[in-house]
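Coordinate inspection notes
So the chains spell out like this:
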Amino acid sequence: MSFVRILPRFALASMILMIIIPYTLMPTWAMRVYISTSGVATMFQIGGLLAFLILASPLILKGLRVKHSNVLLLGGAYFLLALATAPMGIKPLNSVIYTILMLIFILMCMTVVREGDFSKSLALSNRIVTFVIIGIMLAFPYNGSTFGGIQPNTFSKSCLTIFCLSYADPSRFFRIFAKTVAILAVIFVTSRSAGIAIILMYFVSAVISLARQNSMSKTYIASLWFGLLVFVLFGLFYGINPTSVENFFYSAIDQNIENRFDAWEASIYGIQQSPIFGHGFRSRAAYELNLSDYTNLKAVNAHNGYINSILDVGLLGTSIMLLLWITEIMKNFKALSKNTLPRSSRNILMCFTTAMAASLFTWLSEPLTFNFGNPWSLLLIFAIFTSAEVRSRGHQIRTEQASGTNNVIGYLSSSEARLPS
C-alpha cells in the first residue's frame, strides 16, 4: 500500500496525541499552570499541527476541489472577514498568522476526508485517546474535583471526543467501550458541561435513528423534547443568578462560576467597543479591560464560545459561522434520515452531527473557540467544514456501486441472450 494511502490515516490521530501529551505530565496543579503558561503546551500544539500537515501532505497531489457552495461561500466569507479586520485588532500580526494557519488546516481537512475510508482515521483517533484517558485514570488518583495529570478542560473535552468518535468506529466493541469509558470518566471528573453534552449527543442519535425508520411523527415529537431539554439545561447551567445555579448542583457557592459571570460583564463591555468586527481573530486573550471594577482580570475569558467569538470576529463573523454550522447540521440530518449513503459515510456523519449539535451547548462553557489546542475543537472544525465533502463522497461511492451493479446485470443479461436455446 502506498504512502498516499497510509500516512493520511495517521494524520488526525497524531495531532490529537500531540495535543494531549503535555497534559498527561501534570501530577499537581502547579505543574498544570506551568505547562499551560510556559509555552510547553503551545510547542506541542504546533508540533501536532505540523505532524498533521506533513502526514496529510501526500494528498496535495490529488489537488483541492472546493466546490460546495455553502462551505465555499460562508466559510470563505468568514475567513476573508477575519483577514480583512485583523489590522483593526489588538494583535494584527497574530490574528493574520492564526487565520492563515486555520485556513490551511481546514483545506487539508477537506482533502483528507476524500481519501479512502476516513472512518478508519476517526477510529484510530478514538482508540488512541481512549487508552490515554484510561492510562490517566489508572496512573493518577481521584482528588475530588478532577483526575491528576491532565488539565480539567482538556480531560473533559477528550471524553466528549471519544464519545463522538465512537460513532465512526467500525468495531462494535470499541464503540461500546469508548462510550463507557467516556461516561465513567465524566462522572468521576464531575464535569457538568461534558455530562450534559453526552446526554444531548445521545438524544441527537436517537432522533436520527427515528427519522431513519421513517417514523416522522415520532421524529417531530423527539425533536420537540430535544429542544425543550436544551432549553431546560441551558436554564440550569447558566441561570440569571449564579448562586442559585450552584445551589442547585452542589448546595454551595462556586467561586469559579462567579468569576465567570464577572468575566461575562467584562466581555460585554469589550463587545460594545467593537460589536460588528470584534478585536481580531484569536486576539481577545490579549484584551485587557480598563474598568476599575475588573482590574483583577488580566484578560477577558468568559468561558463562553459565543461571547469569545464575538470578541474575536464580531457579530458579523459569528453570525456567518453559526449560519454555516446550523446549515451543516440540517444537511447531515437530512442525509442520515434518508439512509441513502454507504455505512462508512453514515458513521462519519453521525460522528460529525453529534459533535456539532453538542457543541452548540458546550460553547456555553467552552473558554476557547476554534483552536489547535483542544481535541473537541478539532473535531468541531472537521465537522463544520468537511461534512459536505463526506456527503459528496458518500453519494459518489453509492453511485459507483449502483453503476457497477447495473453493469454486472447487463453483462449477465447479454450472456444469457447469447446462449443457444
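Residues numbered from 1 in each chain as written. Predicted model: local features only at pLDDT ≥ 70, side-chain atom pairs only at ≥ 80, totals over all residues. Heavy atoms only, no water.

1. A word on the confidence of the model for the protein
For the protein, mean pLDDT is 76; residues scoring 70 or higher make up 70% of the total. Per-residue pLDDT, averaged within each element of the protein, yields its smallest value for helix 12 (residues 242–250) (46) and its largest for helix 15 (residues 343–362) (90). Within the model, the stretch residues 239–254 combines pLDDT values under 50 with 25 contacts to residues more than four positions away or in other chains. (pLDDT = per-residue confidence, 0-100. Helix = DSSP H or I, 4+ residues; strand = E, 2+ residues; numbered from the N terminus. Contact = heavy atoms within 4.5 Å.)

2. What about the nonpolar core?
In this structure, Phe105 and Phe352 are the most contacted members of the largest nonpolar core, which totals 91 residues. With 11 residues, helix 16 (residues 375–418) is the single largest residue contributor to this core. Not counting the four nearest positions on each side in its chain, phenylalanine 105 is found in contact with Met15, Leu49, Phe52, Phe372, Leu378, Ile381 and Phe382. (Core = buried A, V, L, I, M, F, W, Y, C linked by side-chain atoms within 4.5 Å. Buried < 20%, exposed > 50% of the residue type's maximum accessible area, 1.4 Å probe, protein only.)

3. Describing helix 6 (residues 92–112)
Here helix 6 contains 21 residues, and its C-alpha end-to-end distance of 30 Å stays within 8% of the 30 Å for a straight helix at 1.5 Å per residue. Of all the residues in helix 6, the buried ones are Ser95, Tyr98, Thr99, Met102, Phe105, Ile106, Met108, Cys109, Met110, Thr111 and Val112. (Expected span 1.5 Å × (residues − 1).)

4. Looking at the pattern of salt bridges
In the structure shown here, the tally under the stated rule is 2 salt bridges. A salt bridge links aspartate 169 to arginine 127; the nearest nitrogen and oxygen atoms lie 2.7 Å apart. A residue pair is termed long-range when its members are at least 10 positions apart, and aspartate 169 in the loop between helix 8 (152–165) and helix 9 (172–189) and arginine 127 in helix 7 (residues 118–139) qualify at 42 residues. For aspartate 169, a relative accessible area of 0% puts it in the buried group. Taking the shortest distance from any N to any O, the salt bridge between arginine 391 and glutamate 328 comes out at 3.2 Å. Taken as a pair, arginine 391 in helix 16 and glutamate 328 in helix 14 (residues 305–338) lie far apart in primary sequence, 63 residues in all. (Salt bridge = Lys/Arg side-chain N within 4 Å of Asp/Glu carboxyl O.)

5. As for the environment of isoleucine 16
Tracing the backbone shows isoleucine 16 in helix 2 (residues 11–20). Residue isoleucine 16 is classed as buried on the basis of its relative accessible area of 2%.

6. Some details on a nonpolar patch on the surface
Taken together, the side chains of Met88, Ile276, Phe277, Leu315 and Leu316 make up a nonpolar region of the molecular surface, amounting to roughly 440 Å² of accessible area. Along the chain, leucine 316 turns up in helix 14. (Patch = residues over 30% accessible without salt bridge, like charges linked within 9 Å, V, L, I, M, F, W, Y side chains within 5 Å. Areas by Shrake-Rupley, 256 points an atom, 1.4 Å probe, with all protein chains shown as cover.)

7. Some thoughts on the packing of helix 10 (residues 192–212) against helix 15
Packing of helix 10 against helix 15 brings their axes to within 9 Å, and their N-to-C directions diverge by 135 degrees. When the axis of helix 10 is compared with that of helix 15, the two are oblique. In this structure, helix 10 meets helix 15 at a crossing whose hand is right-handed. Across the interface between the two elements, Ser193, Ile196, Ala197, Leu200, Met201, Val204, Ser205, Ile208 and Arg212 of helix 10 pack against Arg346, Met350, Thr353, Thr354, Ala357, Ala358, Phe361 and Thr362 of helix 15. Here the contact of helix 10 with helix 15 is composed, by residue class, of 10 nonpolar, 5 polar and 2 charged. (Axes fitted to C-alpha atoms, helices over the stretch in contact; angles between N-to-C directions. Parallel < 35°, antiparallel > 145°, perpendicular 65-115°, else oblique. Left-handed = near helix turned anticlockwise from the far one by under 90°. Nonpolar A, V, L, I, M, F, W, Y, C, P; charged D, E, K, R; others polar.)

8. Here we look at the packing of aromatic side chains
Under the counting rule described, the total for this entry stands at 17 aromatic pairs. With a centroid separation of 5.5 Å and an interplanar angle of 85 degrees, the aromatic rings of phenylalanine 105 and phenylalanine 372 are classed as edge-to-face. Here phenylalanine 105, found in helix 6, pairs with phenylalanine 372, found in the loop between helix 15 and helix 16; they are 267 residues apart in sequence, far enough to count as distant. Here phenylalanine 105 falls in the buried class, since its relative accessible area comes to 0%. Assessed through its relative accessible area of 7%, phenylalanine 372 is described here as buried. (Phe/Tyr/Trp six-rings, centres within 6.5 Å; stacked < 30°, edge-to-face > 60°.)

9. Let's talk about the packing of helix 2 against helix 4 (residues 40–56)
Each pair of packed helices can be summarised by the angle the axes make with each other and by the distance between the axes. Viewed as axis vectors pointing N to C, helix 2 and helix 4 meet at an angle of 170 degrees, and their least axial separation amounts to 8 Å. Taken together, helix 2 and helix 4 sit at an angle that is classed as roughly antiparallel. Taking contact as the criterion, the partners of Ala11, Leu12, Ser14, Met15 and Met18 in helix 2 are, on helix 4, Phe44, Gly47, Gly48, Leu49, Ala51, Phe52, Leu55 and Ala56. Here the residues of the contact of helix 2 with helix 4 sort into 10 nonpolar, 3 polar and no charged.

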